Amino acid sequence: MSELDHQVSLPSRGQSVASASAATRRPARAATLRQQNIREHALAYTFLAPSLLLFVVFLFYPLLKSVYLSLHSTDPTGRIASFVGFDNFTSLFASGLFVSGMKVTALFALFTVPTGMLIALVLAAFTHHLRRGRRFFQFAYSLPLVLSVGSAAVIWKFLFHPTLGMLNYLLGLAGVGPVPWLISPDWALWSVSLMTVWMNLGFNYIILSSGMQGVPDELYESAKIDGAGPMTTFRKITLPLLSPTLFFLLVVSIISAFQSFGQINILTSGGPMNRTNVFVYTIYQEAFVNFRFGTGSAQALLLFLVILLLTLIQFKWVERKVHYQ
């Protein structure tokens, strides 16, 4: 055998057959994996189909329909009368409905969101370290969550009654004169805000209490060993580790405040003197009272853009203060 045959060893017949069969198996295995991937995706979309259908019917279609209606004027029956372009939007800014509605809505959110979060935070901190009666307090503080907006508004409407209401009766026992809760322009928005804070207290308390339970007890024990007091422990340990929960609750509460309608409709109907006429109630009046669906759809889109802008601002700047563990 020559020296070249020693240096270059040619593959045997068996090795060539094995390599050929391996080469043919690779495309077959790839095709099998591709088919399995397709079947998994098909199965996933099959299970997601009911949810996707609900999203299409109750979210995407109404959104597209609102965009379409905002560019048209409608007759009292809701049918399209003519194409007006952006006239519905310009008329809103010219009439001042958008500015006045947003002012009332911003004040309502300012009265309800910080107050509701602060009260829920204090109650959650109070019950977190209790050894006895903790379940009772959690149950009591969470009770407003089981009531609907309509039921809670009817209850508070009786409480706010100027002569027969329980609130004025208690004020009378304390030597304070009756307060025109819902009939005074100076008190109406405060009254609705008070009812809203109470109504949202259960949800805020459950979220914050759950967030506090996620803080490791070892950190509290270490702080106690180091001589840290309750306020220092709360400020240095609880609040930083609770910041993701607080950020989530802030975003959700602001969105909820800008979408509040039920309590306004039942308690004040936007009055007196439009002091509680939040932007959502203005949309209701335009679309379902005055039957101007084009203007109502334009207002709904503007509200969507405002909420989207506020949410983006919170994620852009407020989230920087969040400490993720």
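Computed from a predicted structure; not experimentally measured. (Residues numbered from 1 in each chain as written. Predicted model: local features only at pLDDT ≥ 70, side-chain atom pairs only at ≥ 80, totals over all residues. Heavy atoms only, no water.)

To continue, consider the overall build of the protein. Scanning the protein for helices and strands turns up 13 helices and two strands. Against the compact-globule benchmark of 20 Å for 325 residues, the protein has a radius of gyration of 31 Å, which places it well outside the compact range. For the protein, the spread of C-alpha atoms along the principal axes amounts to about 120 × 75 × 30 Å. Going through the 325 residues of the protein one by one, you find that 34% of them count as buried. (Helix = DSSP H or I, 4+ residues; strand = E, 2+ residues; numbered from the N terminus. Rg over C-alpha atoms; globule rule 2.2 N^0.38 Å. Buried < 20%, exposed > 50% of the residue type's maximum accessible area, 1.4 Å probe, protein only.)

One way to put it is that helix α4 (residues 97-128) packs onto helix α13 (residues 293-316) with a least axis distance of 12 Å and a crossing angle of 45 degrees. As judged from the angle between their axes, α4 and α13 are oblique. Pair α4 / α13 crosses with right-handed handedness. Packed against α4, whose contacting residues are Leu97, Phe98 and Met102, the element α13 presents Gln299, Leu302, Leu303 and Val306 at the interface. (Axes fitted to C-alpha atoms, helices over the stretch in contact; angles between N-to-C directions. Parallel < 35°, antiparallel > 145°, perpendicular 65-115°, else oblique. Left-handed = near helix turned anticlockwise from the far one by under 90°. Contact = heavy atoms within 4.5 Å.)

Of note, Asn168 is situated in helix α7 (residues 166-173). Reaching out from Asn168, the side chain makes a polar contact with the backbone nitrogen of Val179 at a distance of 2.9 Å. Residue contacts for Asn168: discarding those within four places in its chain leaves His161, Pro162, Pro178, Val179 and Trp181. (Polar contact = N/O pair within 3.5 Å; in protein donor to acceptor, adjacent residues only side chain to side chain.)

Turning next to the UniProt feature "domain: ABC transmembrane type-1" (unreviewed entry) in the protein. Per the UniProt annotation, the sites labelled "domain: ABC transmembrane type-1" (unreviewed entry) are residues 98-314. The distance separating the terminal C-alpha atoms of residues 98-314 is 22 Å; by composition the span is 74% helix and 0% strand. (UniProt positions renumbered as here; feature names shortened; annotations may be inferred.)

Viewed as axis vectors pointing N to C, helix α6 (residues 149-159) and helix α8 (residues 188-213) meet at an angle of 130 degrees, and their least axial separation amounts to 11 Å. Taken together, the axes of α6 and α8 lie oblique to each other. Two packed elements cross with a definite hand, and for α6 against α8 that hand is right-handed. In contact with Val149, Ala152, Ala153 and Trp156 of α6, α8 contributes Leu194, Met195, Trp198 and Met199. Considering only residue class, the contact of α6 with α8 consists of eight nonpolar, no polar and no charged. (Nonpolar A, V, L, I, M, F, W, Y, C, P; charged D, E, K, R; others polar.)

Here we take up the pairing of strand β2 (residues 80-83). Of the strand pairs in this sheet, strand β1 (residues 72-74) and β2 are connected by three bridges, and their pairing is antiparallel. Looking at the pairing, His72 lines up with Phe83 of β2. Linkage of β1 to β2, two consecutive antiparallel strands, is achieved through a turn of five residues, within which Gly78 is found at a positive phi near 95 degrees. (Pairing = 2+ DSSP bridges.)

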